[in-house]
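Listed here are the chains, written in short residue letters.
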Amino acid sequence: MKAKHQRLVLVVLALIALVGAGLLAAYALRNQASYFYLPEQMQADPPQVGQAVRLGGMVAPGTVEMQADGITVTFTVTGREDSAVPVRFAGILPDLFQEGSGVVAEGRLAADGTFEADKLLAKHDENYVPRELQDMDEHQAAEMARETTIGIE
Amino acid sequence: MIAEIGLAALWLAAALAALQLVGGLVAQRAGADAEIARLTRPAAILQGGLVAVSFASLLWVFAITDLSVKLVAANSHTAKPMIFKLSGAWGNHEGSMLLWVTVMALAGALIAAVERRLPEKTMQATLAAQSFVALGFYGFLLLASNPFERLAQPAAEGLGLNPLLQDIGLAFHPPTLYIGYVGLSVAFSFALGALLTKQVTPDFARAMRPWILGAWVFLTLGITAGSYWAYYELGWGGYWFWDPVENASLMPWLAATALLHSASVLASRDALRVWTIMLGVVAFSMSMLGTFLVRSGVLTSVHAFAVDPERGSFILFLLAIYIGGALLLFALRAGSISEGERFSVASREGALVVNNVMLSAILAVVLLGTLYPLLTEAFDVRVSVGPPYFNPVSAIFVFPMLAIMAVGPLLRWRRDSWGRISKEVALLVALLLAALVLFGLLAEVAILPLLGLAFAITLGVASFLPLRGRSLRRAPLSLWGMVLAHFGLAVALLGMASESAFSTEKLAALGEGDVTSVGPWEVTLEAVEPVAGPNWTALSGRMQVSYSGGEPVEINPQSRNFWAPAQQTAESVLLTRWNGQLYAVIGTQAPDGRWQVRLWWKPLVTLIWYGGMLIALGGILALIGRVRSDLRRRSAKRKGAARRLEMETVK
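Analysis parameters
- Residues numbered from 1 in each chain as written.
- Chains lettered and ligands numbered in written order.
- Predicted model: local features only at pLDDT ≥ 70, side-chain atom pairs only at ≥ 80, totals over all residues.
- Heavy atoms only, no water.
- UniProt positions renumbered as here; feature names shortened; annotations may be inferred.
- Helix = DSSP H or I, 4+ residues; strand = E, 2+ residues; numbered from the N terminus.
- Buried < 20%, exposed > 50% of the residue type's maximum accessible area, 1.4 Å probe, protein only.
- Contact = heavy atoms within 4.5 Å.
- Areas by Shrake-Rupley, 256 points an atom, 1.4 Å probe, with all protein chains shown as cover.
- Domains from an automatic or database assignment.
- Phe/Tyr/Trp six-rings, centres within 6.5 Å; stacked < 30°, edge-to-face > 60°.
- Lys NZ or Arg CZ within 6 Å of the ring centre and 35° of its normal.
- Pairing = 2+ DSSP bridges.
- Axes fitted to C-alpha atoms, helices over the stretch in contact; angles between N-to-C directions.
- Core = buried A, V, L, I, M, F, W, Y, C linked by side-chain atoms within 4.5 Å.
- Expected span 1.5 Å × (residues − 1).
- pLDDT = per-residue confidence, 0-100.
- Left-handed = near helix turned anticlockwise from the far one by under 90°.

In the nomenclature of an unreviewed UniProt entry, chain A is known as Cytochrome c-type biogenesis protein CcmE of Qipengyuania aquimaris. In the Function (unreviewed entry) part of its UniProt record, chain A is described as follows: "Heme chaperone required for the biogenesis of c-type cytochromes. Transiently binds heme delivered by CcmC and transfers the heme to apo-cytochromes in a process facilitated by CcmF and CcmH." Quoted verbatim from the Sequence similarities (unreviewed entry) heading of the UniProt record, the comment on chain A is "Belongs to the CcmE/CycJ family."

### Observations regarding the overall build of chain A
Scanning chain A from N- to C-terminus turns up 3 helices and 7 strands. Order of helices (α) and strands (β) in chain A, N terminus to C terminus: α-β-α-β-β-β-β-β-β-α. A burial count over chain A gives 43% of its 153 residues as buried. Considering only contacts within chain A whose residues lie at least 6 apart along the sequence, 49% involve residues at least 24 apart. Put simply, chain A shows about 8000 Å² of open surface, and 55% of that area lies on carbon and sulfur atoms.

### Here's the deal with the domain arrangement of chain B
You can read the domains of chain B as domain 1 (1-166) and domain 2 (504-603). Computed over C-alpha atoms only, the centres of domain 1 of chain B and domain 2 of chain B are separated by 44 Å.

### Here's the deal with the packing of aromatic side chains
Any two aromatic rings considered together are summarised by their centre-to-centre distance and by the angle between their planes. All names here are of chain B. Counted by the stated rule, this structure contains 25 aromatic pairs over all chains. Taking the centre distance of 6.4 Å and the plane angle of 20 degrees together, the rings of F55 and W90 count as stacked. You can see F55 sitting in helix 2 (residues 40-63) and its partner W90 sitting in the loop between helix 4 (82-88) and helix 5 (93-114), a full 35 residues away along the chain. When its relative accessible area of 11% is taken as the criterion, F55 is described as buried. Geometrically, the ring pair formed by W100 and Y178 is edge-to-face, given 5.9 Å between the ring centres and 90 degrees between the ring planes. A residue pair is termed long-range when its members are at least 10 positions apart, and W100 in helix 5 and Y178 in helix 7 (residues 168-197) qualify at 78 residues. For the pair shown, W100 and Y178 are each scored as buried. Put simply, the rings of W100, F132, F137, Y178, Y181, F188, F284 and Y322 pair up and form one aromatic cluster. Between the NZ or CZ atom of R348 and the centre of the ring of W413, over which it lies, the distance is 5.0 Å.

### Here's the deal with the sheet that holds strand 10 (residues 580-589) of chain B
To summarise the sheet geometry, strands pair through backbone hydrogen bonds and adopt either a parallel or an antiparallel arrangement. Residue and element names in this part refer to chain B. Sheet architecture is open: 4 strands sit in the order 2-11-10-9, paired in antiparallel fashion. Taken across any chain shown, the strands that pair with only one partner, and hence form the sheet edges, are strand 2 (504-510) and strand 9 (573-577). Between one strand axis and the next, the sheet turns by 15 degrees as a mean value, whatever way the strands run. Across 7 bridges, strand 2 lies against strand 11 (residues 595-603) in antiparallel orientation. Opposite K506, over in strand 11, you have L599 as the bridge partner. Strand contacts of helix 8 (residues 202-233): strand 9, strand 10 and strand 11, with the helix running at about 45 degrees to strand 10, the strand carrying the most contacts. Contacts from helix 16 (residues 477-502) reach strand 2 and strand 11 within the one sheet, and its direction differs from that of strand 11 by about 130 degrees.

### Side note on unusual backbone geometry
All names here are of chain B. Not every positive phi belongs to a glycine, and S548 is a case in point at roughly 35 degrees. Tracing the chain through its elements places S548 in the loop between strand 5 (536-547) and strand 6 (553-555). Despite not being glycine, L604 shows a phi value in the positive range, around 60 degrees. As for its position among the elements, L604 is in the loop between strand 11 and helix 17 (607-650).

### A short note on the nonpolar core
Of all hydrophobic cores here, the largest spans 162 residues; its most connected members are B:W100, B:F137, B:Y138, B:F190, B:F204 and B:Y389. Per element, the largest residue contribution to this core is 14 residues, and it comes from helix 9 (residues 244-269) of chain B. Beyond its immediate chain neighbours, meaning those up to four positions away, B:F204 contacts B:L118, B:F190, B:A191, B:A194, B:Q199, B:L266 and B:I277. Counting residues in each nonpolar core, the second largest holds 21 residues, with A:V53, A:F97, A:F115 and A:L120 among its members.

### Remarks on helix 1 (residues 2-30) of chain B
Look at helix 1 of chain B: 41 Å from first C-alpha to last across 29 residues, which is about the 42 Å you get at 1.5 Å a residue. Just downstream of helix 1 of chain B, B:G31 is the residue with a positive phi angle, here 95 degrees.

### Quick notes on the confidence of the model for chain B
Residue and element names in this part refer to chain B. Residues with a pLDDT of 70 or more make up 95% of chain B, whose mean pLDDT is 87. Looking across chain B, the model is least confident in strand 8 (residues 566-571), with a mean pLDDT of 74, and most confident in helix 15 (residues 447-462), with 95. In the predicted structure, residues 300-307 sits below a pLDDT of 50 and forms 40 contacts with residues beyond four places in sequence or in another chain. We note a pTM of 0.88 for the whole complex and an ipTM of 0.72 for its interfaces.

### Details of the packing of helix 14 (residues 422-442) of chain B against helix 15 of chain B
Residue and element names in this part refer to chain B. Where helix 14 meets helix 15, the axes come as close as 9 Å, and the angle between the chain directions of the two elements is 145 degrees. Where helix 14 crosses over helix 15, the two elements pack in a sense that is right-handed. On helix 15, the residues that touch L428, L431, L432, A435, L436, F439 and G440 of helix 14 are L450, L451, L453, A454, F455, I457, T458, V461 and A462.

### Re helix 5 of chain B
Between its first and last C-alpha atoms helix 5 of chain B spans 32 Å; for 22 residues at 1.5 Å apiece the expected length is 32 Å, and the two agree. With 18 of its 22 residues buried, helix 5 of chain B lies for the most part within the structure.

### Regarding the pairing of strand 3 (residues 515-518) of chain B
Residue and element names in this part refer to chain B. In strand 3, alternate side chains face the same way, and those of T516 and V518 are buried while those of V515 and S517 on the opposite face are not. In this structure, strand 3 lies alongside strand 4 (residues 521-532), joined through 4 bridges in antiparallel fashion. Within the sheet, the bridge partner assigned to S517 lies in strand 4 and is E522. Turn length for the strand 3-strand 4 hairpin, with the two strands adjacent in sequence and antiparallel, is 2 residues, and the turn residue G519 shows positive phi of about 55 degrees.

### As for the pairing of strand 2 (residues 53-59) of chain A
All names here are of chain A. For strand 2, a buried count of 7 out of 7 residues is recorded, marking the element as mostly surrounded by other parts of the structure. Inspection of the sheet shows strand 1 (residues 34-37) paired to strand 2 by 3 bridges, in the parallel sense. Its bridge partner lying in strand 2, Y37 is registered against L55. In this structure, strand 2 lies alongside strand 6 (residues 102-109), joined through 6 bridges in antiparallel fashion. Bridging from a neighbouring strand, M58 pairs with G102 of strand 6. As paired elements, strand 2 and strand 4 (residues 72-78) share 2 bridges and run antiparallel to each other. Each residue of the ladder has a partner; that of V59, found in strand 4, is V77.

Structure representation (structure tokens):
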């Protein structure tokens, strides 16, 4: 480049690329980020059928059931105020999936009101509650913390 | 006693870091020969030794399972195998922060001991910057997360370690990544040192380069190992989830890759001065941001094990000081650094600038996607950002980068013309189009995997073109390093594209004796039997699998129950052939007695990690080549000086 202001040109080009990346990212994020729902939110204001969302709550005890095909599992995810969403999941349950503990289901709402999950994220160790569940139910969280942190102090 | 030695060594090391900081700063005022300034290097070296003692003490208390130490009681267990007792030392928050500080202090000691080519004053400024960063982390360790804290009453037995973490991958994955993260602190310190003294020279880039290369090699290995760990341990069949913790390691890697290339422009051609400094600051900032994301628990992740939200604010505070301070210094001083050499657009430098801008754009895309959930949470909207965002948006910048990567190394430094390499470019374009048409017509492949396959093949060929017309034996090691690293990326890309284009998956409920198939494999579940290990019991599936009618092989995926702490994990089985992997997981039993079985056939998937290793190997070769030529130059200089001295005495 013969121009005297090569440095300036380089800086401007780099800025254009970076700002472009930023704008593109912002645009894509608005459309592609999947939204997170608590069970009470999903009941009050359900997402569109088929839209990719996440649902987080507690696996209601006694509701986990294996269907006749041997691969589909159904259970109910509960949140505050007696809210409950039925979930259907075909696959192997994650290692830390348990009744009465937290779960985040990734998937979409079906027309019949069931949440079709294609991925389940369970809490990761006995001391850890998924971030999204933290303020779900303080009483339950305190209970869980007490149950799982015996031994120290 | 051992724990107290470790703690005392840590306090002493922190005091030495303070001395080092003062020494380095005094040098900027009073000159490099001021009495206290001359203590900078010895302080750094001694500090490295003390921190090593401290880390060794922690390993010791874990090795003997000293249950009066809180950290051991909370994270270890007498029944654990020795290797996992040791890896438990850094499989938790306090231990991993001590590991961080250890690597940082050892790196500081090493530059203090060996780096002599920069002006002494710049070195002292560099060491001051290094100790400034280290001090924050010493403070964090000693005040907020003391790894050597004792229990008033020794525990009767340890609480164990998360069974997912009782894995050989864990023993080496986090330390590898940490060495990479922290190795970038050296580049950061060099950048700050150069800003303080305004000495941005090719020598500065040469001094910095081995550290970037080393850190980059470790980051590459760490990411590769982490991805493989997630792949076989989580049992989901995926190797990359665009999870915040994964992104936390990818972002410093992207920045370090850009820095590596811009530093080589600065070293060879004395151009891109300010840009290199900027990247030096950004790369380590990304490391610290990554540590913050991983350690603070602000983001949900499949990898986050040792999280503690309260400590997050401390790390955030450190982050603000270091990144903010460095950027402020950059803003104040960048203008006073004079412009480097010019170059034309069609030149090696030009191509490297485009590569750098593309890498930075990818970095921006990943960074925004990772932080976006945090931003929206401030407005009480919770979102998750996943592959539907990351894959297409980063691809927009990845493919142009790959294209420039294929032709850039063919260009000459300073000024070149596209006409000179038109034959090579034509060959590569033809190859790319042929591959696109071939795969597009033969198989039904989505657009991104299709582009991936075609670019992988083109880049695979292109990466060897810089060797054309050269004697293979005489080509410098660093050139081989570049060739291998670029080829490694092509190999990894081929693995990713092939995995995404040609994988087949089967989810089935099998009774004993049932047969199913996935891809070319036929799978028979023979029986499910109970087995026992040192600290677990398991249900183990016995399966016979045969590849397109060939000799059957037995595999045993397990569903394990650990009892300290009580937890269930699926042990998947991977059967590797040269052309791909069979991946089998066994789940729970249905009421009618059948077992859930999940199977994948993933053609060429192993290339992803072989590619990663090739990239790292390229980095190692380049590192050896650079260090060797540095040593040679240094000894030539010494000989020249001795000769001159001789001549003068003769006169």
